[in-house]
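Architecture and fold: a report
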Amino acid sequence: MNWRGMLINPVLDKEFRLRMRTPRSAVALLAYVLVMGFLAMGIIYVLTSNGMGSSGRFDPTVSRMIFYVLSFAQLVMIAFMTPALTAGVISGEREKQTLGMLLTTQQSSATIILSKLVSSLSFMTLLIVATLPVYSIVFLYGGVSPKQLFVLFLFYLFVMLMLGSLGIFFSTLFKRTMIAVIVTYGVGLMIFLGTGLIYLFAMGMAQARYIPSSAQGPDYSWVGYILGLNPGGALISIFEPSFSKSAFLFSGGNMGAGAPIELWLEFIIVYSVVIVLMLWLAIRYIRPVRRRRKRSNPGGEQLG
Amino acid sequence: MIEIHNLTKIYGSFHALDEVNIQIDKGTVFGFVGPNGAGKTTTMSILATLLLPTSGTAKVGGYDVVQHPHEVRKRIGYMPDFFGVYDQFKTTEYLHFYGASYGIPRSERNKLIPQLLELVNLSDKIDSYVDSLSRGMKQRLCLARCLVHDPEVLILDEPASGLDPRARIEMREILKELKLMGKTIIISSHILPELAEMVDEIGVIEHGRMVAQGKVADIQNRLRVKRVLHIRMLDQTERFSTWLKDEAYVSQVYSDATGVHIHFSGGDLEQAELLARMISAGFQIVSFNEAQTNLEDVFLEITKGGSYE
Ligand SMILES: Nc1ncnc2c1ncn2[C@@H]1O[C@H](COP(=O)(O)OP(=O)(O)O)[C@@H](O)[C@H]1O
Ligand SMILES: [Mg+2]
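The rules behind each value
Residues numbered from 1 in each chain as written. Chains lettered and ligands numbered in written order. Predicted model: local features only at pLDDT ≥ 70, side-chain atom pairs only at ≥ 80, totals over all residues. Heavy atoms only, no water. Near = heavy atom within 4 Å. Polar contact = N/O pair within 3.5 Å; in protein donor to acceptor, adjacent residues only side chain to side chain. Helix = DSSP H or I, 4+ residues; strand = E, 2+ residues; numbered from the N terminus. Nonpolar A, V, L, I, M, F, W, Y, C, P; charged D, E, K, R; others polar. Contact = heavy atoms within 4.5 Å. Buried area = accessible area lost by both parts, 1.4 Å probe. Salt bridge = Lys/Arg side-chain N within 4 Å of Asp/Glu carboxyl O. Patch = residues over 30% accessible without salt bridge, like charges linked within 9 Å, V, L, I, M, F, W, Y side chains within 5 Å. Areas by Shrake-Rupley, 256 points an atom, 1.4 Å probe, with all protein chains shown as cover. Axes fitted to C-alpha atoms, helices over the stretch in contact; angles between N-to-C directions. Parallel < 35°, antiparallel > 145°, perpendicular 65-115°, else oblique. Left-handed = near helix turned anticlockwise from the far one by under 90°. Buried < 20%, exposed > 50% of the residue type's maximum accessible area, 1.4 Å probe, protein only. Core = buried A, V, L, I, M, F, W, Y, C linked by side-chain atoms within 4.5 Å.

1. Remarks on the site of ligand 1
Residue and element names in this part refer to chain B.
- Residues in contact with ligand 1, as listed here, are Tyr11, Phe14, Ala16, Pro35, Asn36, Gly37, Ala38, Gly39, Lys40, Thr41 and Thr42.
- Measuring from an oxygen atom of ligand 1, one finds a backbone N or O atom of Ala38 at 3.2 Å.
- Interatomic distance of 2.5 Å between a side-chain N/O atom of Thr42 and an oxygen atom of ligand 1.
- Looking at the shell around ligand 1, the elements with two or more residues in it are β2 (14–24) and α1 (40–47).
- Broken down by element, the shell around ligand 1 gets its largest block of residues, three residues, from α1.
- A per-class count over the shell around ligand 1 returns five nonpolar, five polar and one charged.

The following block contains the structure:
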């Protein structure tokens, strides 16, 4: 076996070939870069139209702002693209009536699921890499380190993995791609918007009951954990390390108290569990599962 | 090679398969016949490890499809009744993909694939996109795909359905070749004559139950007792039908443009006597012959009453 045979299994090879042969992929790539490009130009225009005037040069805080806003835009784009790219990978084969034949080959369920995940995420990665030139505009003005960009990239990868494994799981669970896509978007919306809203609401409630007293009781609330489930919250906590603290703290609380956990760390831990669970379920249910036989069954031959 | 024992599949409260038993020896071509919705696809999906039975067992080459699906998959080539192809692939890529999926090394595939395309008469399409093939060609390509890993057993679910007569004949020729190669083949159809001349054994399924099973010749012989006589005469069919009512061995009479058909349960002697009486009764007979009971008649006979065996 050569290195190619080791790295690329037949399913992955097939996924790569077929995906890159559809005109849809090229269109998606073009659309993605255009949207990100226009967004970047719009953001730069808005943020610089007042700051540039007098000095004629850039304030690093402004360019950092541009970077943050762009990063959020990218995050939203990922949230929109990933379900569309992953929620059809299994149900799509079922609808095209190719799944049966794929499942009767010697490829393991894990190979099929993981290869499909990797190929979808590779395409997403391609989209993100293709927008790097947009980021390079920010580098011209300074205020952002390459390390930050790298960490951001890893974070995106993780978010894609999270949405992707949800998408693949629903794609395996539901017979119809349409339903799988809708449910994946629904869960995505819950994660991106729902958690944020619940956090704001719950924090408001907790804040109302909070009596600032330096003597007893913690100055932070468990409500902060909710924000750790939100990709936006996690992203800000990566950029601004003090953000985790303020997410947990009541306003007017003791600023000396630390956050019980960094938001991004909580995010990674919680969703790692989700990713593993989703993938495990998808691998388990892509082929018909044999329910465990009862040991006590004297018939022995009875199945299911 | 294939052993199906008391196989039952229940959807909700609907019995798609009800205690089906089938034995198929190595090298046998087994025709699996039954009307639409009888349970053929269900049985074959279970054999192909794509569906779990509710109860009962199915084994391929001694391996249980539920306990050892991986071993079963190695031994079967499965062609679903409806299937799709990856349109953006060329025929060779298509076969390369499935070959690789069965763990066949590239060097071997490079030799194998032209041979397979040759076998299914697609050599001239070696560089075509799968998309551009006709339905019959896709069907044959799919058959080639079933053969990439040289399986001992072929499970073909209505491989000739939706094909024009010419494509059907081509498919049949290929199947004959596969039979010569010693493959054990289970092939389904809801049209019996389609299978008649290429299968060794036949199993008839209806409403999830096997209603008849055995060697084609045996089934034909068992039913030959009841002959069908075909009689043509000069314009006296009305009176003839009434006259026949009193005849002892005649069970059913019907007439069409070609003449009168009689289901006759007597032997050669009784048949000769019937002819003699007809002539003395003054019927002007043009022809009197015993119609070949073909497999289609057998099929109708079996499925009509469901009482055979
Ligand atoms: N997933 C399912 N749920 C409920 N009923 C089903 C399902 N699949 C098949 N059936 C029923 O089982 C019966 C047998 O179907 P099938 O095996 O496809 O028949 P055949 O292939 O002989 O035409 C049919 O009546 C069909 O409606
Ligand atoms: Mg069928």
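2. Remarks on the interface of chain B and chain A
- Facing 36 residues of chain B, the contacting portion of chain A comprises 27 residues.
- Counting the surface lost from both chain B and chain A, the interface buries some 2,900 Å², and carbon and sulfur atoms represent 60% of this.
- Considering only the side of chain B, the residues that lose the most area to chain A are Arg73, Tyr86 and Gln88 of chain B, jointly responsible for 20% of the buried surface there.
- Between the two partners, chain B and chain A, sit two salt bridges.
- When the shortest N-O distance is used, the salt bridge between Arg21 of chain A and Glu93 of chain B registers 2.5 Å.
- Taken together, the connections running from chain B to chain A amount to eleven residue pairs in polar contact (both at pLDDT 80 or more).
- Where the side of chain B that touches chain A is concerned, the elements lending two or more residues are β4 (55–60), α2 (69–75), α3 (91–101) and α5 (135–147) of chain B.
- The leading source of residues in the side of chain B that touches chain A is α3 of chain B, at six residues.

3. Thoughts on a nonpolar patch on the surface
- Together, Leu30, Leu34, Phe38 and Met41 of chain A make up an exposed nonpolar region whose accessible area comes to about 440 Å².
- You can see Phe38 of chain A is positioned in helix α3 (residues 23–51).

4. Things to note about the packing of helix α9 (residues 237–244) of chain B against helix α10 (residues 268–280) of chain B
Residue and element names in this part refer to chain B.
- Here α9 crosses α10 at 130 degrees, and the two axes come no closer than 12 Å. Judged by the inter-axis angle, α9 sits oblique to α10. Crossing handedness for the pair α9 and α10: right-handed. Between α9 and α10, the contacting residues are Phe240, Trp243 and Leu244 on the first element and Leu274, Arg277 and Met278 on the second.
- A per-class count over the contact of α9 with α10 returns five nonpolar, no polar and one charged.

5. Focus: the pattern of salt bridges
- This model, assessed by the stated rule, comprises 21 salt bridges over all chains.
- Among the salt bridges present, the one from Glu15 of chain A reaches Lys14 of chain A, with a minimum N-O distance of 2.7 Å.
- Classification of Glu15 of chain A by relative accessible area gives buried; the value is 8%.
- Across the pair Glu201 of chain B and Lys215 of chain B runs a salt bridge whose closest N-O atoms are separated by 3.7 Å. Remark: Lys215 of chain B occurs in strand β10 (residues 209–215) and Glu201 of chain B occurs in strand β9 (residues 201–206); sequence separation between them is 14 residues.
- Residue classification places Glu201 of chain B among the buried residues on the basis of a relative accessible area of 13%.
- According to the relative accessible area criterion, Lys215 of chain B is partly exposed, its value standing at 45%.
- Each of Lys26, Glu71, Lys74, Arg75 and Glu152 of chain B takes part in salt bridges that share partners, so that together they form one network.

6. Digging into the nonpolar core
- Ranked by size, the top nonpolar core spans 108 residues in total, and within it Phe67, Leu70, Val159 and Met162 of chain A together with Tyr94, Leu178 and Ile187 of chain B carry the most contacts.
- Examining the composition of this core, we find that 13 residues originate from one element, helix α9 (residues 146–173) of chain A, more than from any other.
- Ignoring any residue separated from it by four or fewer positions in sequence, one finds Tyr94 of chain B in contact with Met101 of chain A together with Gly84, Val85, Tyr86, Phe89, Val130, Leu141 and Arg145 of chain B.

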